[in-house]
Amino acid sequence: MNLAAATNESLAHTSNVLIYSSMAVYTLAFFAHIAEWVLGSRSKVGRTAAALSGSPDGAAAPVVVAQGGSTAVLERPKVVTRAAAGTRDVPDGPGAAGGTFKGDLWGRIAVSLTVVAFAVEAAGVITRALSVQRAPWANMYEFSITFSTVAVGSYLVLLALKKNVRWIGLPLVTTVLLDLGIAVTTLYTDSDQLVPALHSYWLWIHVSTAIICGAVFYLGAVGTVLYLFRDSYENKIAGGGTPGKFAASVLERLPSASSLDKFSYRINAAVFPLWTFTIIAGAIWAGDAWGRYWGWDPKEVWSFITWVAYAAYLHARATAGWKGRKAAYLALVAFACWLFNYYGVNIFVTGLHSYAGV
Amino acid sequence: MSKANSTDTGARTDADPAERGQQHSDAAEREQERVDHAAGERLSTAPREERPETESEPGTGVPAMGVVGWVRWFWRQLTSMRVALILLFLLSLGAIPGSLIPQTSVDDLKVQNFKDQHTTLTPIYEKLQLFDVYSSVWFSAIYILLFVSLIGCIVPRTGQFVGQLRSRPPGAPKRLTRLPAYTTWRTEAEPEAVHEAALGVLGKRRFRAHVAGDAVAAEKGYLREAGNLVFHIALIVMLVAFAAGQLFKSEGGKLVVEGDGFANTLTQYDDFKSGSLYDSDSLAPFSFVLDDFVGTYEESGPQRGTPRTFEARVKYTEGADGPERKGVIRVNEPLVVDGTKVYLIAHGYAPVVTVRDGKGKVVSRNSVPLLPIDNNITSTGAIKVMDGYRDKNGVKTQLGFKAFFVPTFAGHGKGQMFSQFPGAEFPVLALSAYRGSLGVDSGLPQNVYQLDTSKMKEFKNEDGELLKKMLRPGERLDLSDGEGSITFEGIEEWASFQISRQPGNGLALGGAIAAIAGLAGSLFIQRRRVWVRAVRGADGVTVVEMAGLGRSESAKLPEELGDLAAALITTAPVAPEKPDAPEKPDANEAGNRPVHPAEAPAEGAEK
Ligand code: HEM
């Protein structure tokens, strides 16, 4: 074994250690989030119920006063916003911490731990890339570790932009652990070089955007699932019912259904053009690699299905009678197609896209 | 629409305004719906949904007229958003079977195997065209309907959009307080001055603005609709490009052994497919010679045998007698000559064998390409000696050998004869010998890689069994009774190429780029309207009201309205506070509403 190979071997080893370490830190973050939710459950806020059934003359829609930007330089007039006709106006929940100091503290600890775990995981991906001297996206193991890194990274970016997304922390960390667990056990592949078919700069372009799309679509899907829960919760309260205690405690603290709905719509809408680009880039690559741009290879078919499903979702949002829950189901179907394209097609269906050492 | 109000029906977001108007007699509520809808109208060119219950005879939704009525009804249905949605859904559903059932267009061999294994399913699948999903009648029907729907959608929407561009933004609704974003203040500036300043502020931010009545009406974000139309048109362009590509394309395969060449004429192809409008005279004149094929493989580790490089080194000539140039064709890098692309598709080994007759005279010396049957390039094929051979009695006959080749042999007694590694590290060629008629003259097309032994006799060894032998390079198999010999001289490699030409790619790429750009415009740009009303109040102070309406609820709208107001305030400063100055926009309206300033500062603005 020559020297270069030896350093590569040790880099690959370092990468594995880093991935395992990040899993350990994610686990800590997971418990911190649990602590946040548990401690937060002690607060009794009940705003949603108040907003939905409390106001005496039911017809009134709440008005929210917005302080547009900073008021320091010029005196800015207050902007009053109100929900457009046809949407239920309910304030967002207070978040997992439920407004409790201790819960908030644990929430902050969880986010800090997530940042650390993200840094360690990203380092693991980068050392993996260095050990093979190429983009670290040639097999499902590498794909999986990059995927969760990007998902967590996007979440942290949204947090840094002061978006109200901390509610996604627990589900995200949980699934990241699951993803990494599967990656290191069943999907693990020793670091190695590429088969000739993957030798192309399109690997950088096509696969990186595919991973980003999947990771961000995933955040959207989490939002959609929570939207569905929260929406039935709000429906129940508005209909005069009393949701179960546990459900009430958890769902009460989430953002309102309309906020969750908007969140997932924006995410999906923002990523859809990138997904379109990914497919087109893939077609161009296929044109170079296999002599045809589009050959209905299973991977191509499922990318197409995913794309059409998301297009259907966007159409549903613009179609009367399909907004709300129906559109949300479509969004979940679309994400399920993406998942199947990633796991199902690689494992169950053979095509040109089978990677080295699935 | 507030939730509490519609709990009885549960039809929150689904109910359209007309229905809601009937259900709730609250006058203010209806006023809001009316205003929102009047001002918000045509913020999108999306087709209005059909509402049969309220527009034609209740409950039926189908026309009572004759054929024309039916056609119109059908057309309206087809071009509605709802049907577009259903067709999109069907399209993705319809694409699924093609990924699970082998497709003729993707892998013919697999289809054949499937058919052999599933004798009951096969006829059903064939009826349903499930082996050719993507060219099947039903799949075509879905996408053709979708594209008809698309055209039927784009044409009126384009007209509508042009109309909107020509006309001016609609005047302000009566009660601006009802709009999603609203602000107000009192100033000592004249109303006209405020309007003037508003036109300036809005104009600087590229709003289309004009004074309508007592207010300035402005609109921005037309690129959203433009982008949406561009995107949908680009989809049509791409479909046309693909269709053209299919009709005019040509595509053929050619297997070339090292040292051999190919000239781009129809007769030289091993197989050739073309679109129905393709003209064979349009084959670009060029030729190439395969100098060398290089394949390297992972030597060690768990991925031993995984390919690392494939390179076909060629010399090619453009035109009938152009200069000779060197080129390398790799898996991802086709050679492009005169618009035709030459792709490297597969490779394998071609043992070089010499056949001699009983007198030691060389009858043939060939490199014989064999077909790989696994990833380690275990290969099979046939060596055929058509003419030139006479047996020891001087009678003309033909020879045939079944060939089995492994580039890396495990060693005698070690399992079966399957290759251990794709590189030629320990090559062994196993041959069995036959004589008689190869059946080539029968007129039936023959597979060059298979030996038809029906009219042949086996050569026997001493034990009376079929004569066969494993050969290392340089070794020889002697045919029984001094009938001659066959020598395994060495190995060449072969590469197979796909030579294809498909017009319309440029158009498809242009369409794709336009689609992405249009999509980005459509999804990232907000179409919104802003109104600024300045009216002198009874006390002589001017009341300025500003309101904004977006295509959908947007986080940015209140923020932008705030910015606009801040800009406007520099010319229309806030008048000194009076005790009864309206702190809230419309005290008697907003007063009875729950206000949640603390919980959700800017319901949209922070997201
Ligand atoms: C070929 C299949 C089609 C695809 C892939 C497709 C895709 C899309 C996408 C991704 C959007 C989202 C852009 C946005 O929300 O602004 C959209 C919007 C839209 N599409 Fe399509 N579309 C197709 C066919 C159609 C057809 C047949 C119609 C007409 C019946 C149509 C009418 C519309 C309209 C009106 C919008 C704008 C909705 C809005 O204003 O929010 N599309 N389409």
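Residues numbered from 1 in each chain as written. Chains lettered and ligands numbered in written order. Predicted model: local features only at pLDDT ≥ 70, side-chain atom pairs only at ≥ 80, totals over all residues. Heavy atoms only, no water.

Caption draft 1: Structural context of the pairing of strand E1 (residues 181-187) of chain B. Along E1(B), seven of the seven residues are buried, which leaves the element largely enclosed by surrounding structure. Here E1(B) shows two buried faces, one formed by Ala181(B), Thr183(B), Trp185(B) and Thr187(B) and the other by Tyr182(B), Thr184(B) and Arg186(B). In terms of strand pairing, strand E2 (residues 79-82) of chain A meets E1(B) through two bridges, oriented antiparallel. Among the inter-strand pairings, Val80(A) is bridged to a residue of E1(B), identified as Tyr182(B). Taken together, the seven bridges between E1(B) and strand E22 (residues 542-550) of chain B define a ladder with antiparallel strand orientation. Each residue of the ladder has a partner; that of Thr183(B), found in E22(B), is Met546(B). (Buried < 20%, exposed > 50% of the residue type's maximum accessible area, 1.4 Å probe, protein only. Helix = DSSP H or I, 4+ residues; strand = E, 2+ residues; numbered from the N terminus. Pairing = 2+ DSSP bridges.)

Caption draft 2: Spotlight on the coordination of the iron atom of the ligand. The protein atoms donating to the iron atom of the ligand are His315(A) (NE2) and His232(B) (NE2), with metal-donor distances spanning 1.9 to 2.0 Å. If you look at the iron atom of the ligand, its six donor atoms make angles of 73 to 179° with each other, and the shape they trace is octahedral. Of the two residues, His315(A) sits in helix H9 (residues 298-317) while His232(B) sits in helix H11 (residues 223-248), which places them in two different chains. Residues His315(A) and His232(B) agree in their burial class; the two are buried. (Donors = N, O, S within 2.8 Å, 3.2 Å for Na, K, Ca; no water. Tetrahedral: all angles 85-135°; square planar, octahedral: opposite > 155°, others 65-115°.)

Caption draft 3: Representation of the sheet that holds strand E5 (residues 261-263) of chain B within the structure. Residue and element names in this part refer to chain B. Spatially, the four strands line up as an open sheet ordered E5-E7-E8-E9, and their pairing is antiparallel. Here the strands that pair on one side only, and so sit at the sheet edges, are E5 and strand E9 (324-330). With strand direction ignored, the average angle separating the axes of adjacent strands in the sheet is 25°. Note that E5 and strand E7 (residues 286-297) share three bridges and pair antiparallel. Considered in E7, the bridge of Phe262 is made with Phe288. (Axes fitted to C-alpha atoms, helices over the stretch in contact; angles between N-to-C directions.)

Caption draft 4: Structural context of the confidence of the model for chain B. Residue and element names in this part refer to chain B. Summary statistics for chain B give a mean pLDDT of 80 and a share of 83% for residues scoring 70 or more. Counting contacts from residues 1-25, a segment whose pLDDT is below 50, to residues more than four positions away or on other chains yields 49 contacts. Under the prediction, the complex receives an ipTM of 0.86, its pTM being 0.79. (pLDDT = per-residue confidence, 0-100. Contact = heavy atoms within 4.5 Å.)

Caption draft 5: Spotlight on unusual backbone geometry. Positioned with a positive phi, Lys162(A) is a non-glycine residue whose angle comes to about 65°. With respect to the element layout, Lys162(A) can be found in the loop between helix H4 (140-160) and helix H5 (169-185). The exposure class assigned to Lys162(A) is exposed, which follows from its relative accessible area of 68%. Of note in the backbone geometry, Ile377(B) takes a positive phi value of approximately 60° without being a glycine.

Caption draft 6: A look at the environment of Val544(B). All names here are of chain B. Mapped onto the secondary structure, Val544 falls in strand E22. For the pair Val544 and Thr187, spaced 357 residues apart in the sequence, the C-alpha separation amounts to 7.2 Å. Apart from the residues lying within four places of it in its own chain, the contact partners of Val544 are Thr183, Thr184, Trp185, Thr187, Val194, Val532, Arg533, Ala534 and Leu568.

Caption draft 7: Region of interest: a positive patch on the surface. Residue and element names in this part refer to chain B. On the surface, Lys359, Lys361, Arg390 and Lys396 cluster together to form a positively charged patch. Residue placement: Lys396 occurs in the loop between strand E14 (379-385) and strand E15 (398-406). Residue classification places Lys396 among the exposed positions, given a relative accessible area of 58%. (Patch = residues over 30% accessible without salt bridge, like charges linked within 9 Å, V, L, I, M, F, W, Y side chains within 5 Å. Areas by Shrake-Rupley, 256 points an atom, 1.4 Å probe, with all protein chains shown as cover. Salt bridge = Lys/Arg side-chain N within 4 Å of Asp/Glu carboxyl O. Lys, Arg positive; Asp, Glu negative; His and termini not counted. Charge placed at Lys NZ, Arg CZ, Asp CG, Glu CD.)

Caption draft 8: Structural view of the site of the ligand. Close to the ligand lie 28 residues, the nearest being His315(A), Cys153(B), His232(B), Ser522(B) and Arg551(B). What surrounds the ligand is not a single chain but chains A and B. Contact distances for the ligand include 2.4 Å between a nitrogen atom and a side-chain N or O atom of His315(A). Of all the secondary-structure elements, those providing two or more residues to the shell around the ligand are H9 of chain A together with helix H6 (81-100), helix H9 (137-166), H11 and helix H12 (505-524) of chain B. When grouped by side-chain class, the residues that make up the shell around the ligand number 17 nonpolar, eight polar and three charged. (Near = heavy atom within 4 Å. Polar contact = N/O pair within 3.5 Å; in protein donor to acceptor, adjacent residues only side chain to side chain. Nonpolar A, V, L, I, M, F, W, Y, C, P; charged D, E, K, R; others polar.)

Caption draft 9: Spotlight on helix H3 (residues 101-132) of chain A. Between its first and last C-alpha, H3(A) extends 47 Å over 32 residues, near the 46 Å set by a 1.5 Å rise per residue. Following H3(A) by one or two positions, Gln133(A) adopts a phi angle in the positive range, close to 55°. (Expected span 1.5 Å × (residues − 1).)

Caption draft 10: Layout of the packing of aromatic side chains. A complete count under the given rule lists 38 aromatic pairs over all chains for this structure. Consider the rings of Phe114(B) and Tyr125(B), whose centres lie 5.8 Å apart with planes at 10°: the pair is stacked. Placement of Phe114(B) in helix H7 (residues 108-117) and of Tyr125(B) in helix H8 (residues 121-127) is noted, with a sequence separation of eleven residues between them. Here the aromatic rings of Phe139(B) and Tyr143(B) are separated by 6.0 Å at their centres, their planes lie at 65°, and the arrangement is edge-to-face. Taken together, the positions of Phe139(B) and Tyr143(B), both in helix H9 and four residues apart, correspond to about one turn of that helix. By relative accessible area, Phe139(B) is classed as buried at 2%. Judged by relative accessible area, which is 26%, Tyr143(B) ranks as partly exposed. An aromatic cluster is defined as three or more aromatic residues linked by ring pairs; in this entry it consists of Phe143(A), Phe147(A), Tyr218(A), Phe335(A), Trp338(A), Tyr342(A) and Tyr343(A). A cation sits over an aromatic face here: Lys115(B) above Phe131(B), 5.0 Å from the ring centre. (Phe/Tyr/Trp six-rings, centres within 6.5 Å; stacked < 30°, edge-to-face > 60°. Lys NZ or Arg CZ within 6 Å of the ring centre and 35° of its normal.)

Caption draft 11: Quick peek at the confidence of the model for chain A. Residues and elements named next belong to chain A. Looking at chain A, pLDDT values average 82 and 81% of them are 70 or higher. Throughout residues 54-64 the model reports pLDDT below 50, and contacts reaching past four residues in sequence, or to other chains, amount to 33 contacts. Here residues 354-358 is a poorly scored stretch, pLDDT under 50, and it has 15 contacts once near neighbours within four places are set aside; other chains count.

Caption draft 12: Structural context of the pattern of salt bridges. Taken as a whole, this structure holds 28 salt bridges over all chains when the rule is applied. For Arg230(A), the salt bridge goes to Glu234(A), with nearest N and O atoms at 2.7 Å. Of this pair, Arg230(A) and Glu234(A) both sit in helix H6 (residues 202-238), four residues apart, which is roughly one turn of the helix. The exposure classification of Arg230(A) matches that of Glu234(A), with both residues buried. Salt-bridge contacts for Arg308(B) lead to Glu298(B); the nearest nitrogen and oxygen are separated by 2.8 Å. Of the two residues, Arg308(B) sits in strand E8 (residues 307-318) while Glu298(B) sits in the loop between E7 and E8, which places them ten residues apart along the sequence. Glu298(B) matches Arg308(B) in its accessibility class, with the two residues each being buried. A single network of salt bridges, built from pairs that share partners, joins Asp292(B), Glu311(B), Arg313(B), Arg330(B) and Glu333(B).

Caption draft 13: Layout of the packing of H6(B) against H9(B). All names here are of chain B. Two elements in contact, H6 and H9, have axes whose closest approach is 9 Å; the angle formed by their N-to-C orientations is 155°. For the element pair H6 / H9, the angle class is roughly antiparallel. By crossing handedness, the relation of H6 to H9 is classed as left-handed. Taken together, the residues of H9 that come into contact with H6 (itself represented by Ala84, Leu87, Leu88, Leu90, Leu91, Gly94, Ala95 and Pro97) are Trp138, Phe139, Ile142, Tyr143, Leu145, Leu146 and Ser149. A class-by-class count of the residues in the contact of H6 with H9 yields 13 nonpolar, two polar and no charged. (Parallel < 35°, antiparallel > 145°, perpendicular 65-115°, else oblique. Left-handed = near helix turned anticlockwise from the far one by under 90°.)

Caption draft 14: How the structure looks around the packing of H6(A) against helix H10 (residues 325-348) of chain A. Residue and element names in this part refer to chain A. Where H6 meets H10, the axes come as close as 9 Å, and the angle between the chain directions of the two elements is 145°. Along this stretch, H6 crosses H10, giving a crossing that reads as left-handed. Contacts from Ala210, Gly214, Phe217, Tyr218, Ala221, Thr224, Val225, Tyr227, Leu228, Asp231 and Ser232 of H6 reach H10 at Arg325, Ala328, Tyr329, Ala331, Leu332, Phe335 and Trp338. Here the contact of H6 with H10 is composed, by residue class, of 13 nonpolar, three polar and two charged.

Caption draft 15: Structural view of the nonpolar core. Counting residues in hydrophobic clusters, the biggest one holds 129 residues, and the most contacted among them are Tyr26(A), Ile168(A), Leu172(A), Phe217(A), Phe272(A), Trp275(A) and Trp307(A). Per-element tally for this core: the top contributor is H6(A), with 18 residues. Non-local contacts of Ile168(A), meaning those with residues more than four positions away in its chain, are made with Tyr155(A), Leu219(A), Val222(A) and Phe263(A). Grouped together as the second largest cluster of nonpolar side chains are 49 residues, Tyr278(B), Ile329(B), Leu471(B) and Leu479(B) included. (Core = buried A, V, L, I, M, F, W, Y, C linked by side-chain atoms within 4.5 Å.)

Caption draft 16: Here's a closer look at the pairing of strand E4 (residues 250-257) of chain B. All names here are of chain B. Taken across its eight residues, E4 has eight buried, putting it largely inside the fold. What you see with E4 is no split at all: Ser250, Gly252, Lys254 and Val256 on one side and Glu251, Gly253, Leu255 and Val257 on the other are buried throughout. Where E4 lies against strand E6 (residues 271-274), four bridges are found, and the strand directions are antiparallel. Bridge pairing in E6 links Ser250 to Ser274.

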